[in-house]
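Here is what each chain is made of, one letter per residue.
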Amino acid sequence: METITLGRSGLSVSRIGFGGIPITRRTFDDAVSVVRRALDLGVTFIDTANSYLDSEEKIGRAIAGRRRGVVLASKSGATTRQGIVEHIELSLRRLRTDHIDLYQLHNLSKPENWEVAQGPAGALEGLRLAQEQGKVGHVGVTSHSLDLARSLVESDCFETVMLPFNVIIHEAEEELLPLARSENVGFIAMKPMGGGELTDADLAVRWLCGFQDVQVLVGFEREEEVEEVAALAEAAEPLSDEELREVERIRRETGPLFCRRCGYCQPCPEGVPVSMVMVFGSLMKRFGPEVAARRWGTSVEKARACTECGACEEKCPYGLPIRERLKEMVSTYESILAGTYVEGT
């Protein structure tokens, strides 16, 4: 598989990276098989986080005996020195390794959290200490805020930046990506499938492969998914004019107010599965209204318990009007049950 260099970190990584969230849904043995299949196909960059349930432990077992040649990345949402030092130690134990090649501040999307992280006894101090001890090789950051990401890249504190970047969420192409290049900061694209909004893997992967210095981080759950994406990346050709028109159509149809399925809105105080309800419209498009209602209607029904407290909107890094959307999805679901739903309304 093609390799690229992540900016001034000097880390040479496979163009396609392994995102560690989906394997949390698999058994240990199945998850290990998925990771090892990726390694067999030339995927050398594996990314996880201490907050991804048992992802680190599964990856640790999978890379046992194969650590050499793997660029291992993890991350923590801690903003204090003590917090991140504890998380690094936990990650090392779970991953069964004595060092992590790239450790990232996770979801640094609010200015106030950045202030704490770079201040006295902040997370940056903990990361520098871990580097001095040889426990961390390089320091990176992930964010869901394009505006803050610019400041993070310019801060000279990070060697890599990870941000949502795909056919739909493409704003980073105009300013952030050129800025990262000028600062020699490696760029890692998360959510290449738009958090599940995109269904055409060929279009999504080939669009991203058009950026020669962007590392594409894909969340894999099954071996066949790894095989499909690896094959697409190997044979990637520039998009045709017709395919570029399709990209524009998808952007117009999706619009900016769609759920990226990051899950930061959870948990809801009333037990509403917010992310699931937010993507109900997309599921209707993919499977049809009746099938979607039959499969995921129970989740939508729980949205009736919403008290409109706004906790979910405060946590959403994209500022989505979640309360309004939940009411819309409940109304849509009820119209499907009543047989009065009209497509396009």
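Not measured: the values here are computed from a predicted model. (Residues numbered from 1 in each chain as written. Predicted model: local features only at pLDDT ≥ 70, side-chain atom pairs only at ≥ 80, totals over all residues. Heavy atoms only, no water.)

Caption draft 1: Quick look at the sheet that holds strand β5 (residues 71–76). Pairing is parallel around the closed barrel formed by eight strands, whose spatial order is β3-β4-β5-β6-β7-β8-β9-β10. Shown here is a sheet whose adjacent strand axes are inclined to one another by a mean of 30°, direction ignored. Sheet topology note: the strand β4 (residues 45–47)/β5 ladder contains three bridges and is parallel. Paired with D47 across the strands is A73, a residue of β5. (Pairing = 2+ DSSP bridges. Helix = DSSP H or I, 4+ residues; strand = E, 2+ residues; numbered from the N terminus. Axes fitted to C-alpha atoms, helices over the stretch in contact; angles between N-to-C directions.)

Caption draft 2: Inspection of the nonpolar core at higher detail. In terms of nonpolar packing, the biggest core is built from 74 residues, with F18, I46, L105, F165 and F187 touching the most fellow members. When residues in this core are grouped by element, the largest group, seven residues, is from helix α8 (residues 201–209). In contact with L105, other than residues within four places in its own chain, are S76, A78, I84, A117, A123, L124, L127, G140, V141, T142 and F158. If you look at the next biggest cluster of nonpolar residues, it comprises 26 residues, including V274, V277, A293 and V330. (Core = buried A, V, L, I, M, F, W, Y, C linked by side-chain atoms within 4.5 Å. Buried < 20%, exposed > 50% of the residue type's maximum accessible area, 1.4 Å probe, protein only. Contact = heavy atoms within 4.5 Å.)

Caption draft 3: Broad picture of the packing of α8 against helix α10 (residues 241–254). Interaxial distance between α8 and α10 falls to 11 Å at its minimum, and their mutual angle equals 105°. Judged by the angle between their axes, α8 and α10 are roughly perpendicular. Touching D202, L203, R206 and W207 of α8 are E243, E246, V247, I250 and R251, all from α10. Residues belonging to the contact of α8 with α10 are distributed by class as follows: four nonpolar, no polar and five charged. (Parallel < 35°, antiparallel > 145°, perpendicular 65-115°, else oblique. Nonpolar A, V, L, I, M, F, W, Y, C, P; charged D, E, K, R; others polar.)

Caption draft 4: Local environment of unusual backbone geometry. Note that the residue after Q266, namely P267, is joined by a cis bond; omega there is -5°. Although it is not a glycine, K191 sits at a positive phi angle of roughly 55°. Relative to the assigned elements, K191 resides in the loop between β9 (186–190) and α8. Of note in the backbone geometry, E308 takes a positive phi value of approximately 60° without being a glycine.

Caption draft 5: Seen up close, the environment of R36. Locating R36 in the fold gives a position in helix α1 (residues 28–40). Accessibility expressed as a relative area gives 33% for R36, which makes it partly exposed. For R36 and E237, which are 201 residues apart along the polypeptide, the C-alpha to C-alpha distance reads 27 Å. Other than its neighbours up to four places away in sequence, R36 contacts R61, A62, A64 and R66. Polar contacts involving the side chain of R36 include one to the main-chain carbonyl oxygen of R61, which spans 3.2 Å. (Polar contact = N/O pair within 3.5 Å; in protein donor to acceptor, adjacent residues only side chain to side chain.)

Caption draft 6: How the structure looks around the pairing of β9. Taking burial as the measure, the five residues of β9 include five buried ones, the bulk of the element. By the alternation rule, side chains of β9 split into G186, I188 and M190 and F187 and A189, which are all buried. Pairing of strand β8 (residues 160–164) with β9, which is carried by five bridges, proceeds in the parallel orientation. Among the inter-strand pairings, L163 is bridged to a residue of β9, identified as A189. As defined by bridge partners, β9 adjoins strand β10 (residues 214–219) across three bridges and the pair is classed as parallel. Within β10, the position partnered with I188 by the bridge is Q215. In this fold, β9 hands off to α8, which returns the chain to β10; that crossover is right-handed. (Right-handed = clockwise from strand over helix to strand, strands pointing away.)

Caption draft 7: Just the state of the cysteines, in detail. Evaluation of the coordinates by the stated rule reveals zero disulfides. For the unlinked cysteine C268, the closest cysteine sulfur is that of C309, found at 6.1 Å. By relative accessible area, C268 is classed as buried at 19%. C312 provides the cysteine sulfur closest to C306, a residue in no disulfide bond, and the two sulfurs are 6.3 Å apart. Accessibility expressed as a relative area gives 26% for C306, which makes it partly exposed. (Disulfide = S-S within 2.5 Å.)

Caption draft 8: Spatial organisation of the side chain of T97. As for its placement among the helices and strands, T97 is situated in the loop between α3 (81–95) and β6 (100–105). Here R67 takes part through its side chain, which lies 3.1 Å from a polar atom of the side chain of T97. Contacts of T97, omitting those with residues within four sequence positions, involve R67, L72 and L92.

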